[in-house]
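Architecture and fold: a report
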Amino acid sequence: DAGVIQSPRHEVTEMGQEVTLRCKPISGHNSLFWYRQTMMRGLELLIYFNNNVPIDDSGMPEDRFSAKMPNASFSTLKIQPSEPRDSAVYFCASSPVGTTTDTQYFGPGTRLTVL
Amino acid sequence: KQEVTQIPAALSVPEGENLVLNCSFTDSAIYNLQWFRQDPGKGLTSLLLIQSSQREQTSGRLNASLDKSSGRSTLYIAASQPGDSATYLCAVGGGSEKLVFGKGTKLTVNP
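Below is a summary of the structure that appears in this document. (Residues numbered from 1 in each chain as written. Chains lettered and ligands numbered in written order. Predicted model: local features only at pLDDT ≥ 70, side-chain atom pairs only at ≥ 80, totals over all residues. Heavy atoms only, no water.)

Moving on: the state of the cysteines. Under the defined criterion, the tally for this structure stands at two disulfides over all chains. Across the disulfide from Cys23(A) sits Cys92(A); the S-S distance is 1.9 Å. Measuring handedness by torsion sign, the sulfur bridge of Cys23(A) and Cys92(A) sits at about -65 degrees and is left-handed. Placement of the pair is Cys23(A) in strand 3 (residues 19-24) and Cys92(A) in strand 9 (residues 88-95), with a sequence separation of 69 residues. Cys23(A) gets classed as buried once you look at its relative accessible area, which sits at 1%. Taking the relative accessible area as the measure of exposure, Cys92(A) reaches 0% and is therefore buried. The disulfide bridge from Cys23(B) ends at Cys90(B), spanning 2.0 Å between sulfur atoms. Between Cys23(B) and Cys90(B), the S-S dihedral sits near -60 degrees, and the bridge is therefore left-handed. (Disulfide = S-S within 2.5 Å. Helix = DSSP H or I, 4+ residues; strand = E, 2+ residues; numbered from the N terminus. Buried < 20%, exposed > 50% of the residue type's maximum accessible area, 1.4 Å probe, protein only.)

So, about the pairing of strand 3 of chain A. Residue and element names in this part refer to chain A. Judged from the three bridges that link them, strand 1 (residues 5-7) and strand 3 form a sheet pairing that is antiparallel. Of the residues in strand 3, the one forming a bridge with Gln6 is Cys23. For strand 3 and strand 8 (residues 74-79), the ladder comprises five bridges, and the chain directions are antiparallel. Bridging across to strand 8, Val19 finds its partner in Ile79. (Pairing = 2+ DSSP bridges.)

Right, let's talk about the side chain of Asn63(B) for a bit. Residues and elements named next belong to chain B. Structurally, Asn63 can be placed in strand 7 (residues 62-67). Within the structure, the side chain of Asn63 is placed 2.8 Å from the side chain of Glu56, a separation counted as a polar contact. In contact with Asn63, other than residues within four places in its own chain, are Leu48, Glu56, Gln57, Thr58, Thr74, Leu75 and Tyr76. (Polar contact = N/O pair within 3.5 Å; in protein donor to acceptor, adjacent residues only side chain to side chain. Contact = heavy atoms within 4.5 Å.)

By the definition in use, this model includes eight aromatic pairs over all chains. Between Tyr35(A) and Phe101(B), the ring centres sit 5.7 Å apart and the planes meet at 90 degrees, which makes this aromatic pair edge-to-face. Of this pair, Tyr35(A) sits in strand 4 (residues 31-38) while Phe101(B) is found in strand 10 (residues 100-101), placing the two residues in two different chains. Phe101(B) shares its class with Tyr35(A); the two are buried. Between the aromatic rings of Phe106(A) and Phe101(B), the centroid separation amounts to 6.4 Å while the plane-to-plane angle is 90 degrees, which identifies the pairing as edge-to-face. Of this pair, Phe106(A) sits in strand 10 (residues 105-106) while Phe101(B) sits in strand 10, placing the two residues on different chains. (Phe/Tyr/Trp six-rings, centres within 6.5 Å; stacked < 30°, edge-to-face > 60°.)

As a further point, take the sheet that holds strand 7 of chain B. All names here are of chain B. As summarised here, the arrangement of the five strands in space is 1-3-8-7-6, forming an open sheet in which the pairing is antiparallel. Edge positions in the sheet fall to strand 1 (4-7) and strand 6 (56-59), since each has one partner strand and no second. For this sheet, the mean angle separating the axes of adjacent strands, direction not counted, is 15 degrees. By the bridge criterion, four bridges tie strand 1 to strand 3 (residues 19-25) in an arrangement that is antiparallel. Bridge pairing in strand 3 places Thr5 opposite Ser24. (Axes fitted to C-alpha atoms, helices over the stretch in contact; angles between N-to-C directions.)

What follows is about the pattern of salt bridges. For the structure shown, the criterion picks out 10 salt bridges over all chains. Residue Asp39(B) pairs with Arg37(B) through a salt bridge whose shortest N-O separation is 3.0 Å. Residue classification places Arg37(B) among the buried residues on the basis of a relative accessible area of 17%. Here the residues in one salt-bridge network are Glu62(A), Arg64(A), Glu83(A), Arg85(A) and Asp86(A), joined through shared partners. (Salt bridge = Lys/Arg side-chain N within 4 Å of Asp/Glu carboxyl O.)

This part is about the side chain of Thr13(A). Residues and elements named next belong to chain A. Relative to the helices and strands, Thr13 is located in strand 2 (residues 10-13). Judged by relative accessible area, Thr13 falls into the buried class, the value being 9%. Residue contacts for Thr13: discarding those within four places in its chain leaves Val19, Ser82, Leu112, Thr113, Val114 and Leu115.

Each partner contributes to the interface: chain B provides 22 residues, whereas chain A provides 23 residues. In total, about 1500 Å² of surface goes out of reach between chain B and chain A, with carbon and sulfur atoms giving 51% of it. Viewed at the interface, chain A and chain B are joined by zero salt bridges. There are three residue pairs in polar contact (both at pLDDT 80 or more) connecting chain B and chain A. A breakdown of the residues in the side of chain B that touches chain A according to their chemical character gives seven nonpolar, 11 polar and four charged. (Buried area = accessible area lost by both parts, 1.4 Å probe. Nonpolar A, V, L, I, M, F, W, Y, C, P; charged D, E, K, R; others polar.)

Any link to function would need more than the numbers given here.
Put into structure tokens, the structure is as follows:
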């Protein structure tokens with residue numbers, strides 16, 4: 001298995017632009033998680049899906065952030081409009097079971113820089 | 001609100017040394033605790049998962065212990081190698097709640 005796939009690996013954009021991050025979970029996994037990692041705050045869960053349904057989005061920082069999972073093999077995290085403080089590494093992870101607390105498999109991350 | 005602290009933030013040791021990484025959490029009502037490894041520019045890899053009913057888990061040269069009552073976990077690495085150099089993160093799960101991560105300990109093993 002190829003593992004969790006994220007694209008792009010690096011994204012540089014200007015403030016105010018729309019950014020879309022993409023994730024393909026491991027086949028057969030039914031939970032998907034979006035995290036953000038910064039030096040100041042560490043790793044934070046933004047949102048997670050179970051069987052394509054958003055379960056907990058309380059970590060989404062603002063209305064500028066939105067996430068979708070149209071099917072079991074694809075998810076997006078969108079930031080519109082982007083701001084410099086959104087600069088971080090965004091990770092996607094998937095899990096074969098239905099809670100947040102079983103082993104999760106992480107993708108390589110997308111490093112986002114907003115100028 | 002669960003808070004997870006890892007001390008020290010960074011650790012440098014010579015190759016071959018046995019070492020202990022520490023993790024503490026504020027709420028002892030946890031479902032499980034996990035230790036992850038993160039290499040630069042890469043995602044996290046799960047090393048060990050300890051359920052709340054367990055006291056420890058072992059994998060190769062790694063041993064993780066859990067003391068729920070005191071809110072502590074340790075990751076013991078035996079006979080450290082340069083390839084062990086990475087950031088080690090502790091994460092606590094509370095059932096249906098989110099995984100709460102510590103900020104990690106950056107380990108450097110010098111040849």
